[in-house]
Structure formats: C-alpha cells, structure tokens
Amino acid sequence: MTQAEKQPRGIEAARLGEHELIRELETIHRSRHDTLLHGSAAALAAHTTRMAELEAEYLRRHPERPVSAGRTRAGARARTQPR
C-alpha cells in the first residue's frame, strides 16, 4: 500500500453531524459489494477501514440502539425451529 493509499479518506467520523454520519454509512454500505468484487486490495482495505470508523462512531453515539429480536441468536434459532 502506498503512502497516499494509507491517508485517511473523508472527514473524521467523530466530526460528522448525525445526518452526515448516517448518509456516509448508507453510501459505504451500498458500495461495499462492488468494492469487494471489483476493487483492488488497497481499495478494499481503505473501504474496510473507513466503514469500521463510521460504524464505530455510530455505535459510540447510539449504545442503546433498538435491536430487532430477529437479529439476535435467540431470534435466529426461533426462526429455524419447527412449530
């Protein structure tokens, strides 16, 4: 990875307003699949780093965010058990 590729991209996540943080998360999640399939190793590494930074900031701001029951282990097991 070159020095230029190691440089941070975008505004530091902690400095983003709430609306901007959500918009950045939506954008990076939309572009993830394409980056995985077609991006260089450096592009994928940069994408992973930025996505982790944005997600960590979201979790820091919203530690008590609502969690859907279906997104837990118990909820997943309930979906697969016969009734």
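Our structure's up above, just so we're on the same page.
Everything quoted here is computed from the prediction, not taken from an experiment.

A.B. asks: Can you walk me through the overall build of the protein chain in this structure?
C.D. replies: Helix and strand content of the protein chain: 4 helices and 0 strands. Reading the secondary structure of the protein chain in the N-to-C direction produces α-α-α-α. Within the protein chain, the proportion of its 83 residues that are buried is 16%. Summarising the internal contacts of the protein chain: among those between residues at least 6 apart in sequence, 64% fall at separations of at least 24. Carbon together with sulfur atoms contributes 55% to the accessible area of the protein chain, which is approximately 6600 Å² in total.

A.B. asks: Explain the environment of Ala14 to me, please; I cannot follow it from the model alone.
C.D. replies: Examined against the element boundaries, Ala14 turns out to sit in the loop between α1 (3–6) and α2 (18–38). Residues within four places of Ala14 in sequence aside, it is in contact with Glu57 and Arg61.

A.B. asks: Could you clarify how one ought to interpret the environment of Glu55 in this entry?
C.D. replies: Position of Glu55 among the secondary structure elements: in helix α3 (residues 41–61). Taking the C-alpha atoms as reference points, Glu55 and Ala13, separated by 42 residues in sequence, lie 8.9 Å from one another. Leaving out residues up to four positions away in the same chain, Glu55 has contacts with Leu25 and His29. In terms of polar contacts, Glu55 uses its side chain to reach the side chain of His29, at 2.7 Å.

Rules behind the numbers
- Residues numbered from 1 in each chain as written.
- Predicted model: local features only at pLDDT ≥ 70, side-chain atom pairs only at ≥ 80, totals over all residues.
- Heavy atoms only, no water.
- Helix = DSSP H or I, 4+ residues; strand = E, 2+ residues; numbered from the N terminus.
- Buried < 20%, exposed > 50% of the residue type's maximum accessible area, 1.4 Å probe, protein only.
- Contact = heavy atoms within 4.5 Å.
- Areas by Shrake-Rupley, 256 points an atom, 1.4 Å probe, with all protein chains shown as cover.
- Polar contact = N/O pair within 3.5 Å; in protein donor to acceptor, adjacent residues only side chain to side chain.

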